[in-house]
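As a plain string of letters, each chain reads:
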2 protein chains.
Amino acid sequence: MAEKFVYSFKEGNKEMKELLGGKGANLAEMTSIGLPVPLGFTITTRVCDFYYKNNKKLSAEIQEQIFTKLKELEIEMGKRLGDKNDPLLVSVRSGAASSMPGMMDTILNLGLNDETVEGLAIKTGNPRFVYDSYRRFIQMFGDVVMGVEHKFFEEIIHRIKSQKMIKFDNELNVDDLKRLIEMYKQLIKMKTNKMFPSDVHEQLSMAIDAVFNSWNNDRAITYRRLNNIYGLIGTAVNIQSMVFGNMGEDSGTGVCFTRNPSTGENKFYGEFLMNAQGEDVVAGIRTPRKIEELESIMSANYSQLVNVRKILEAHYRDMQDIEFTIEKGKLYILQTRNGKRTSQAAVRIAVEMVENGMISKETALMRVEPSSLNQLLHKQLDNNSKKNMKVLAKGLPASPGAAVGRVVFNAEDAYEWAVKGEKVVLVRLETSPEDIEGMHSSQGILTGRGGMTSHAAVVARGMGKCCVAGCSDLIINEIEKIIEINGARIREGEFITLDGSSGEIFLGKLELVEPILSGNFGKIMQWADEYRKIGVRTNADTPKDASTAIKFGAEGIGLCRTEHMFFEESRIKVMREMILSNTKQERERALLKLLPMQRGDFYSLFQIMNGLPVTIRFLDPPLHEFLPKEEDKIQELAREMGVSVEVLKDKTAELHEFNPMLGHRGCRLGITFPEITEMQSRAVFEAASEIIKEGKSIVPEIMIPIVGNIKEFEHQKKIVDETARKVMRENNVLIEYKTGTMIEVPRAAVTADELAEKAEFFSFGTNDLTQMGCGFSRDDSAKFLKEYVELGIYKRDPFETIDQEGVGELMKIAVQKAKPVRENIKLGICGEHGGDPETIEFCHKIGLSYVSCSPFRVPIARLAGAQSSIKEKKKIEENAYKKMIKESIIEIRNKFGERISIDELENELYKKINPKAVENLFTQEILQN
Amino acid sequence: MAEKFVYSFKEGNKEMKELLGGKGANLAEMTSIGLPVPLGFTITTRVCDFYYKNNKKLSAEIQEQIFTKLKELEIEMGKRLGDKNDPLLVSVRSGAASSMPGMMDTILNLGLNDETVEGLAIKTGNPRFVYDSYRRFIQMFGDVVMGVEHKFFEEIIHRIKSQKMIKFDNELNVDDLKRLIEMYKQLIKMKTNKMFPSDVHEQLSMAIDAVFNSWNNDRAITYRRLNNIYGLIGTAVNIQSMVFGNMGEDSGTGVCFTRNPSTGENKFYGEFLMNAQGEDVVAGIRTPRKIEELESIMSANYSQLVNVRKILEAHYRDMQDIEFTIEKGKLYILQTRNGKRTSQAAVRIAVEMVENGMISKETALMRVEPSSLNQLLHKQLDNNSKKNMKVLAKGLPASPGAAVGRVVFNAEDAYEWAVKGEKVVLVRLETSPEDIEGMHSSQGILTGRGGMTSHAAVVARGMGKCCVAGCSDLIINEIEKIIEINGARIREGEFITLDGSSGEIFLGKLELVEPILSGNFGKIMQWADEYRKIGVRTNADTPKDASTAIKFGAEGIGLCRTEHMFFEESRIKVMREMILSNTKQERERALLKLLPMQRGDFYSLFQIMNGLPVTIRFLDPPLHEFLPKEEDKIQELAREMGVSVEVLKDKTAELHEFNPMLGHRGCRLGITFPEITEMQSRAVFEAASEIIKEGKSIVPEIMIPIVGNIKEFEHQKKIVDETARKVMRENNVLIEYKTGTMIEVPRAAVTADELAEKAEFFSFGTNDLTQMGCGFSRDDSAKFLKEYVELGIYKRDPFETIDQEGVGELMKIAVQKAKPVRENIKLGICGEHGGDPETIEFCHKIGLSYVSCSPFRVPIARLAGAQSSIKEKKKIEENAYKKMIKESIIEIRNKFGERISIDELENELYKKINPKAVENLFTQEILQN
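Residues numbered from 1 in each chain as written. Chains lettered and ligands numbered in written order. Predicted model: local features only at pLDDT ≥ 70, side-chain atom pairs only at ≥ 80, totals over all residues. Heavy atoms only, no water.

1. Notes on the overall build of chain A
Looking only at helices and strands, chain A has 37 helices and 33 strands in total. Radius of gyration (C-alpha) of chain A: 33 Å, near the 30 Å computed for a compact globule of 929 residues. Seen along its three principal axes, the alpha-carbon backbone of chain A occupies a region of about 105 × 75 × 50 Å. When the 929 residues of chain A are sorted by exposure, 57% land in the buried category. Pairs at least 24 apart in sequence give 69% of the contacts found in chain A among residues at least 6 apart. In chain A, the 126 positive side-chain charges and the 135 negative ones have mean positions that sit 2 Å from each other. (Helix = DSSP H or I, 4+ residues; strand = E, 2+ residues; numbered from the N terminus. Rg over C-alpha atoms; globule rule 2.2 N^0.38 Å. Buried < 20%, exposed > 50% of the residue type's maximum accessible area, 1.4 Å probe, protein only. Contact = heavy atoms within 4.5 Å. Lys, Arg positive; Asp, Glu negative; His and termini not counted. Charge placed at Lys NZ, Arg CZ, Asp CG, Glu CD.)

2. A word on the sheet that holds strand E8 (residues 252–257) of chain A
Residues and elements named next belong to chain A. Pairing is antiparallel in the open sheet, where five strands are placed in the order E10-E9-E8-E11-E12. Looking at strand neighbours, the two that pair on one side only are strand E10 (289–290) and strand E12 (330–338), the edges of this open sheet. Here strand E9 (residues 269–274) pairs with E10 via two bridges, running antiparallel. From the neighbouring strand, glutamate 271 faces E10, where its bridge partner is lysine 290. (Pairing = 2+ DSSP bridges.)

3. A short note on the sheet that holds strand E24 (residues 535–539) of chain B
Residue and element names in this part refer to chain B. Read around the closed barrel, the eight strands follow the order E24-E25-E26-E27-E28-E29-E30-E31; overall the barrel is parallel. Taken pair by pair, the neighbouring strands of this sheet meet at an average axis angle of 25°, ignoring direction. Alignment of E24 against strand E25 (residues 557–561), held across two bridges, turns out to be parallel. The partner of threonine 538 across the bridge, within E25, is isoleucine 557. (Axes fitted to C-alpha atoms, helices over the stretch in contact; angles between N-to-C directions.)

4. Brief notes about the side chain of Thr258(B)
Residue and element names in this part refer to chain B. With respect to the helices and strands, the residue threonine 258 is situated in the loop between strand E6 (252–257) and strand E7 (269–274). The exposure class of threonine 258 is buried, given its relative accessible area of 0%. Reaching out from threonine 258, the side chain makes a polar contact with the backbone nitrogen of glutamine 320 at a distance of 2.9 Å. In contact with threonine 258, other than residues within four places in its own chain, are Asn266, Lys267, Phe268, Arg309, Glu313, Asp318, Met319, Gln320 and Ile322. (Polar contact = N/O pair within 3.5 Å; in protein donor to acceptor, adjacent residues only side chain to side chain.)

5. Here's the deal with the relation of the copies chain B and chain A
For the match of chain B to chain A, the screw axis carries a shift of 0.1 Å, the RMSD comes to 0.1 Å, and the turn is 180°. What we have between these two chains is a two-fold relation. Taking C-alpha positions as reference, the residue of chain B nearest the rotation axis is Asn659(B), located at 2.1 Å. Comparing interface residues between copies, 100% of those in chain B also lie at the interface in chain A; the contact surface is shared. (Least-squares fit on C-alpha atoms with pLDDT ≥ 70 in both.)

6. Structural notes on the packing of helix H23 (residues 584–609) of chain A against helix H27 (residues 674–693) of chain A
All names here are of chain A. Orientation of H23 relative to H27, taken along the N-to-C sense of each, is 35°, at an axis distance of 8 Å. Two packed elements cross with a definite hand, and for H23 against H27 that hand is right-handed. Contacts between H23 and H27 involve Lys584, Arg587, Glu588, Leu591, Leu594, Leu595, Gln598, Arg599, Phe602, Tyr603, Phe606 and Gln607 from the former and Glu675, Ile676, Met679, Gln680, Arg682, Ala683, Val684, Glu686, Ala687, Ala688, Glu690 and Ile691 from the latter. Here the contact of H23 with H27 is composed, by residue class, of 13 nonpolar, three polar and eight charged. (Left-handed = near helix turned anticlockwise from the far one by under 90°. Nonpolar A, V, L, I, M, F, W, Y, C, P; charged D, E, K, R; others polar.)

7. Structural notes on the packing of aromatic side chains
Two numbers describe a pair of aromatic rings. These are the distance of the centres and the angle of the planes. Residue and element names in this part refer to chain A. Counted according to the given criterion, the structure contains 39 aromatic pairs over all chains. Ring centres of phenylalanine 685 and tyrosine 737 lie 4.8 Å apart, and the angle between their planes is 70°; on these two criteria the pair is classed as edge-to-face. Placement of phenylalanine 685 in helix H27 and of tyrosine 737 in the loop between helix H28 (710–731) and strand E30 (738–743) is noted, with a sequence separation of 52 residues between them. Each member of the pair, phenylalanine 685 together with tyrosine 737, is buried. In textbook terms, an aromatic cluster arises when at least three aromatic residues are bridged by ring pairs, as seen for Phe776, Phe784, Tyr788, Tyr794 and Phe799. (Phe/Tyr/Trp six-rings, centres within 6.5 Å; stacked < 30°, edge-to-face > 60°.)

8. Some words on the interface of chain B and chain A
Facing 51 residues of chain B, the contacting portion of chain A comprises 51 residues. A combined buried area of about 4300 Å² lies between chain B and chain A, and 55% of that area is made up of carbon and sulfur atoms. In terms of surface lost to chain A, no three residues of chain B exceed Phe658(B), Leu662(B) and Arg747(B), which account for 15% of the buried area on that side. Linking chain B with chain A are four salt bridges, by the criterion used here. (Buried area = accessible area lost by both parts, 1.4 Å probe. Salt bridge = Lys/Arg side-chain N within 4 Å of Asp/Glu carboxyl O.)

9. Looking at unusual backbone geometry
Located in the positive-phi region is Lys328(A), a residue other than glycine, with phi close to 45°. Here Lys328(A) shows up in the loop between strand E11 (320–327) and E12.

10. Let's talk about the side chain of Arg665(B)
All names here are of chain B. Inspection of the secondary structure assignment puts arginine 665 in the loop between helix H25 (645–655) and helix H26 (667–672). We classify arginine 665 as buried; its relative accessible area is 6%. A polar side-chain atom of arginine 665 sits 2.8 Å from a polar atom in the side chain of aspartate 768. Setting aside anything within four residues of it in sequence, one finds arginine 665 in contact with Asp620, Pro621, Pro622, Pro660, Ile706, Asp768 and Met772.

11. Concerning helix H3 (residues 60–77) of chain B
Residues and elements named next belong to chain B. With 18 residues, H3 extends 25 Å from end C-alpha to end C-alpha; this agrees with the ideal 26 Å at 1.5 Å per step. Among all positions in H3, only Ile62, Gln65, Ile66, Lys69, Leu70, Leu73 and Glu74 are buried. Here the buried face of H3 lies against strand E1 (6–8), strand E2 (40–43), helix H2 (45–53), strand E3 (90–95) and helix H8 (200–214). Phi turns positive, to about 70°, at glycine 78, one or two residues after H3. (Expected span 1.5 Å × (residues − 1).)

12. Quick look at the pattern of salt bridges
Opposite charge on two side chains lets them pair, provided their charged atoms get close. Residue and element names in this part refer to chain A. Under the counting rule described, the total for this entry stands at 128 salt bridges over all chains. For lysine 4, the salt bridge goes to glutamate 11, with nearest N and O atoms at 3.0 Å. We classify lysine 4 as partly exposed; its relative accessible area is 30%. For lysine 523, the salt bridge goes to glutamate 355, with nearest N and O atoms at 2.7 Å. Of this pair, lysine 523 sits in helix H20 (residues 519–531) while glutamate 355 is found in helix H13 (residues 343–355), placing the two residues 168 residues apart along the sequence. Overall, the relative accessible area of 31% leaves lysine 523 in the partly exposed class. Taken together, the shared-partner salt bridges in this structure form one network comprising Glu563, Arg617, Asp620, Arg665 and Asp768.

13. Some remarks on the packing of helix H20 (residues 519–531) of chain B against helix H35 (residues 858–896) of chain B
All names here are of chain B. Their axes nearest at 8 Å, the elements H20 and H35 cross at an angle of 45°. Taken together, the axes of H20 and H35 are oblique relative to one another. Crossing angle aside, the handedness with which H20 passes H35 is left-handed. Here H20 contributes Phe521, Ile524, Met525, Gln526, Ala528, Asp529 and Tyr531 to the contact with H35, which in turn contributes Pro859, Arg862, Leu863, Ala866, Ser869 and Ile870. Grouping the constituent residues of the contact of H20 with H35 by class yields nine nonpolar, two polar and two charged. (Parallel < 35°, antiparallel > 145°, perpendicular 65-115°, else oblique.)

14. Points about the confidence of the model for chain A
When pLDDT drops low, the exact placement of atoms in the prediction is not to be read closely. Mean pLDDT over chain A works out to 90, with 96% of the residues at or above the 70 mark. This complex was scored by the predictor with a pTM of 0.79 and an ipTM of 0.79. (pLDDT = per-residue confidence, 0-100.)

15. Brief notes about the pairing of strand E27 (residues 700–704) of chain B
Residues and elements named next belong to chain B. Most of E27 is tucked away, with five of its five residues classed as buried. Side chains Pro700, Ile702 and Ile704 of E27 all project onto a buried face; the interleaved residues Glu701 and Met703 project onto the opposite face, where all are buried too. Both strand E26 (residues 614–617) and E27 contribute to a ladder of four bridges, which runs parallel. Directly across from isoleucine 616, in E27, lies its bridge partner isoleucine 702. Pairing geometry for E27 and strand E28 (residues 738–743), over four bridges, is parallel. In the sheet register, isoleucine 704 faces E28, and the bridge partner there is threonine 741. Of the crossover connections in this fold, the one passing from E27 over helix H28 (residues 710–731) to the parallel E28 is right-handed. (Right-handed = clockwise from strand over helix to strand, strands pointing away.)

Written out as structure tokens, the structure reads:
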């Protein structure tokens with residue numbers, strides 16, 4: 001049987017998006033439920049695929065099917081395309097399975113030529129309208145189909161308006177329009193060396209080609225890449241009879257939402273213009289009116305529209321974005337789709353629809369984009385105040401929220417100014433661990449280098465602090481304390497404003513608004529937890545982080561980076577004392593000073609976490625990170641330590657590494673300096689003892705970093721175990737604890753079976769696993785990774801979302817090797833990826849026990865976790881149905897013979913299986929076979 | 001049936017080394033072929049294992065078996081241990097399966113006490129000898145068994161000799177000895193608070209314990225680690241009746257080799273002393289005499305010994321190292337073992353034994369240690385001149401051979417001095433690519449930092465140049481041009497001598513000798529090729545390297561590092577011009593200048609390789625490696641390039657990377673600058689065109705480095721293919737070529753299935769794969785890797801021999817994923833590991849097609865490759881036999897019932913299967929069940 005390439009709107013339904021595109025499927029659906037949709041038909045997305053495969057030509061068979069449907073349309077409409085007296089006019093529009101608003105091409109008013117225009121002018125008795133439609137058509141066709149740039153048409157129209165000294169297009173009279181039409185045609189001839197086609201069928205086939213071609217224009221490709229739209233085969237083409245909102249004062253056009261897309265309020269919301277076409281609304285020449293006002297103008301149409309609102313929302317069970325046109329008092333619905341909404345609205349709509357019984361909790365949870373929750377958690381810029389400001393530059397939106405403050409250029413200034421009560425924004429070429437305190441003191445951080453996972457970005461997200469990173473347009477002169485940017489200069493102390501959600505930088509103070517976490521937010525979170533199977537912990541090093549995370553629903557600490565505890569001013573001195581030690585004794589003396597501080601840190605965390613698990617990672621970074629690099633700081637430190645500058649420099653040189661990423665860090669430090677591991681173990685167990693003596697509970701989980709070899713782990717575990725025994729004996733308490741390892745070195749992943757024999761848990765350190773697995777240094781890869789993503793080598797920045805095929809494969813290998821050895825091994829992830837929804841879904845799939853992310857990403861992770869469970873459940877159901885369909889098809893074919901038609905086959909299937917399932921899956925199944 | 005723990009010498013044979021140790025098995029073997037071996041028995045290595053597992057105690061059962069064998073010995077000897085009138089004296093010696101000379105303990109003359117000594121004095125009529133034996137026994141027992149340091153005994157003997165004003169021990173008379181004995185006993189009492197045991201059975205059991213304990217003394221542990229001896233369960237203990245070479249002028253003792261262990265000449269070789277014990281030979285008090293001289297002294301014993309030489313060599317089919325003692329005219333053989341020999345001797349002996357029909361080629365090939373061939377290829381230090389020189393310091397033996405030259409401190413000086421005809425040794429803290437020319441100009445390289453695979457080491461080995469690396473005892477002051485070392489100072493221009501095989505550094509000029517590659521060497525190589533299945537290629541970047549490698553038998557170039565071609569002075573300028581380009585056009589202009597140079601390089605290589613495959617790796621290192629780092633060089637370059645110092649510094653800063661290892665390098669450069677890949681492709685194909693036009697053949701293999709993602713490879717392959725097509729069209733020739741990739745990023749290994757779809761060959765870049773897989777930077781890991789090896793975390797430095805469990809696992813994963821996709825994919829290795837015999841065996845096992853190594857390692861690889869094939873063949877045979885034995889045991893048991901004794905079982909087996917195979921494998925099989 002021949003494949004069906006063209007569907008009339010009466011033949012499709014909303015489940016057929018893959019084949020008919022979103023627009024086509026929805027037009028068909030609306031037609032089927034009896035809404036007033038102008039007649040038309042859809043050419044399938046499969047044709048787009050064939051078009052490209054067939055050297056941009058449509059086969060005779062496809063052309064034949066289009067022609068047949070056009071004939072049917074002409075008969076139903078009682079009009080013919082190209083009829084001199086009463087011509088049919090159509091629109092030709094794109095529409096892919098995923099919405100790509102404005103990316104592909106549209107042609108309106110197709111069917112007009114020098115002959116039909118005259119007939120139509122007579123027929124309508126409105127020649128101005130008809131000639132205006134004709135010139136709009138030529139302009140659109142010339143631009144979209146024939147490739148003559150829009151600006152040339154605009155120049156001509158501008159010239160005529162100047163000559164006539166008029167301001168608006170609608171002041172042109174019929175003669176002006178006729179002159180314009182001639183000039184447009186000449187323009188096209190001149191620019192393309194081709195005539196504007198007067199043959200209406202040629203117009204149609206050129207327009208169809210143009211829509212298919214627009215699938216692969218730069219804009220569309222970029223849009224798909226940026227929005228992670230993959231796996232589509234092309235766009236459908238919708239050919240629909242034209243209706244006109246600009247045929248007089250009994251006509252109009254508008255856009256409405258079934259609920260408020262900004263707040264989510266369940267109130268009809270929209271705008272309209274009388275005597276206008278859709279373009280006019282967009283062009284912004286006239287100010288549209290609120291939808292409620294339509295009632296007083298055309299009350300019948302209004303109540304019709306209100307009815308449509310109800311029908312469509314009830315039918316689609318989601319907030320709809322509806323386009324309508326009223327032609328001479330008759331309402332037409334031109335489009336409906338799920339409306340875009342703010343996160344606030346998304347949450348409210350989802351919750352209210354569940355409460356109204358319109359949708360299930362599952363559906364509600366799937367409706368909210370996890371990452372968008374970010375917007376709800378951070379201080380935000382007031383969009384109104386943004387509108388009037390010029391964007392100074394744009395960096396990477398590294399940590400959401402907004403910040404307003406005076407520019408300072410180093411961490412000390414940030415601290416000092418903040419102490420004096422100033423709000424500051426810390427501007428650095430890049431930040432380093434020494435800047436932590438300064439970052440804490442700042443409203444936001446702006447860096448000239450580094451990516452989404454640079455030090456500044458990671459720490460800022462961890463702090464829930466706004467950050468714009470890697471803004472390479474800035475020339476930051478830290479010495480002279482000046483930012484140069486496109487000629488402008490910003491000096492220390494001047495105010496700037498950062499938008500961490502968009503990466504925009506503004507000069508001056510913009511207004512901020514506090515986020516309001518509504519009760520709906522809490523409900524969504526609660527429902528998410530009902531469905532979620534994967535645990536959610538947080539990366540937290542301080543009591544403040546831990547409290548925030550608990551507030552957001554974290555179920556434990558998955559990563560406490562102990563080194564962050566050593567960067568505080570009072571501590572870094574002792575740390576440096578330890579590093580500069582020449583003997584084990586000296587080192588132990590310094591460690592003895594650090595012990596009570598570290599014990600205090602753990603005690604506070606254990607208190608706050610109140611029995612929830614706390615995973616403590618032992619010292620990770622190479623020691624040189626704790627030493628100053630600048631000459632003046634070195635001199636200062638030398639003075640403080642009472643050593644010569646030379647000694648200090650020698651030590652620094654000795655510790656210098658060519659590739660610190662791959663250097664003397666993690667457990668390698670603990671192995672060469674076992675006393676460090678011993679001190680850290682002691683601090684953990686002594687703090688746990690205190691907690692337990694207070695009658696509370698705690699099960700510390702000690703995590704050894706940078707393990708690549710089971711022997712490294714055994715070495716460190718021995719120290720941990722021995723220290724635990726000692727402390728328990730000293731304090732006469734019993735402490736339950738676990739010892740586990742990071743999986744961040746590729747070797748650890750491929751020897752996970754060995755590791756699982758001794759380690760009670762694994763936590764995937766996917767930042768380092770990505771660095772080592774892909775061989776990218778996070779600090780250096782910005783140079784080429786952007787280009788890599790643009791070239792499609794990696795779909796997304798592998799530091800943002802896990803590289804499933806590569807780094808993910810290493811994770812899978814590790815899981816597959818570990819589970820048979822230790823069935824109940826606890827598996828987590830604590831890299832930056834732990835807060836990325838796509839990564840969370842991947843972790844759920846490969847069977848991890850939990851994800852750990854920065855406090856502000858905990859809600860995101862909770863929702864993403866729930867979505868993963870729901871998707872998995874759906875996948876299982878779908879597979880069951882697919883299997884059932886497959887088996888039934890075989891059964892039916894056995895019964896009726898191979899030559900049963902697809903339609904008959906489908907009908908037989910409906911008798912056997914839930915029709916809803918068949919609708920959705922049957923097409924896929926058939927297409928695959 | 002109870003396990004047999006003690007074997008009389010009559011019960012064992014030479015195949016039972018695992019159980020009886022080397023010494024025990026050989027004593028048994030000699031006994032069985034009728035050689036005059038003093039009677040005795042062996043306690044098995046299994047007992048050592050039980051000893052440790054049983055809290056250092058022997059079970060009653062084992063003690064019982066020892067007692068029984070002792071009884072048997074007493075009966076045969078007609079003497080009893082502890083008999084006051086005619087006591088049996090025994091030696092108690094260690095002996096593991098692998099030879100560990102001098103590492104474990106030995107006790108001689110056991111059985112003497114205050115009573116037996118008197119009886120024996122009367123019996124022998126030689127009281128001086130007997131009392132001397134007694135005091136030697138106490139001294140040895142006190143030291144080895146009771147832990148009283150040797151030096152205390154020496155002090156006492158020294159005191160007595162001073163008092164008596166005598167010089168040698170043998171001048172002590174009986175009374176002196178008696179006094180000495182008393183003082184020794186008091187010493188022991190004082191130091192240990194225990195009496196020296198007069199009970200001879202207590203002596204025996206203490207001695208046995210001491211030997212078992214010595215298995216785990218520090219010396220023995222270190223020896224096993226250093227010599228890669230793993231998997232042994234312990235030492236055996238040999239208890240043997242004493243014979244004495246110091247019973248007068250008709251007694252003597254000696255050591256002899258069946259052939260010359262230094263040259264391999266087939267001539268009896270050895271030394272002896274009359275009236276002496278083994279110790280005396282070692283002590284060096286008297287000068288031993290050549291073995292031939294024995295003929296004139298004791299001609300009967302001599303001809304007996306000559307006969308033993310024949311028998312043992314014929315029996316063992318290998319050069320033997322024999323210890324003998326003549327007691328009152330009777331010859332005893334105390335030990336035989338395969339003799340240690342120089343590589344030169346090893347080759348000669350192996351070849352001559354094959355030619356005499358004594359051994360097969362397979363055996364001959366297995367006899368030569370591949371790494372030892374190194375000694376034959378490089379200029380060597382004359383061992384005689386070494387003997388008299390003080391070792392100044394010791395570094396890592398990074399590249400073998402020797403070098404004598406004047407110290408210079410930088411590459412330019414090296415070059416300039418060399419041009420003037422001076423021989424120089426380049427001394428650097430560490431070397432960098434800029435030093436290449438200076439390294440070329442030097443006799444050898446000495447560095448203060450860096451390991452066996454540091455830049456200096458790798459490049460030196462590649463050049464076949466002597467290098468001592470990472471000599472941390474040196475304080476190298478490159479500015480003032482002084483080396484400080486243990487207080488001494490060496491200034492520029494002073495002579496030093498390096499021994500690259502031992503890592504030793506000498507002050508002054510030592511004599512060097514040219515290596516002579518004998519015909520035997522060629523024969524071994526030819527035989528190796530007959531057995532070898534894995535290919536051997538070379539890493540060569542220059543015509544000189546390529547020629548050397550061809551001479552050594554390379555079958556192609558496995559790695560031509562194109563970047564090395566850019567470091568020559570004339571080229572690095574153009575390279576820098578390219579790097580400093582601001583636009584694609586500028587860059588292309590510079591590349592156009594590089595093209596003819598690069599083409600010329602390839603042309604020369606193709607010429608030399610004469611049709612053999614040549615794998616060309618495209619540009620790999622990050623660009624900043626080509627820019628100077630020192631202030632003066634930067635200024636010079638700025639002048640030359642006509643740019644400001646600031647511009648140059650900015651560019652360098654822009655190119656600076658935190659982790660260059662993981663930075664913008666390899667194909668990442670080729671992707672951001674496709675014009676580089678294009679130039680390199682063009683150079684390859686244009687050179688190939690020329691060669692083909694000359695009527696010769698060449699199949700260039702283009703290798704893309706640092707690929708981690710199939711899309712990177714596709715991107716680069718497209719440029720290669722397009723350029724190939726262009727060049728072929730331009731030159732009207734057809735060039736066959738292959739495009740493949742390095743596997744050096746872990747991600748590449750785990751996505752090898754994807755890569756294999758497009759890549760025609762893989763080459764494992766195991767240096768980088770180790771760096772990324774283990775997360776070690778080669779340049780930084782020296783700090784902890786040494787300790788890691790000492791702690792046994794890695795058995796060997798993973799940059800020297802492949803880490804089979806980790807990096808090897810990644811390789812296996814890659815091979816397993818690639819082969820099903822592309823059955824005949826060519827798989828190679830081109831890291832430094834390619835020349836390491838253990839790694840070669842691993843590569844053979846996992847199914848690689850070839851290894852590629854530096855020219856001077858080609859012969860090593862050829863031999864190691866052959867050994868891998870032979871081992872594999874043997875393993876297959878062994879497994880077949882094991883299977884046969886297993887099945888036969890079941891059959892026999894079925895026939896005779898479960899209770900058949902082990903001996904009967906073995907006898908039945910002999911009837912069924914080749915006895916040789918049974919002998920060897922039966923024990924293992926039985927022990928496992």
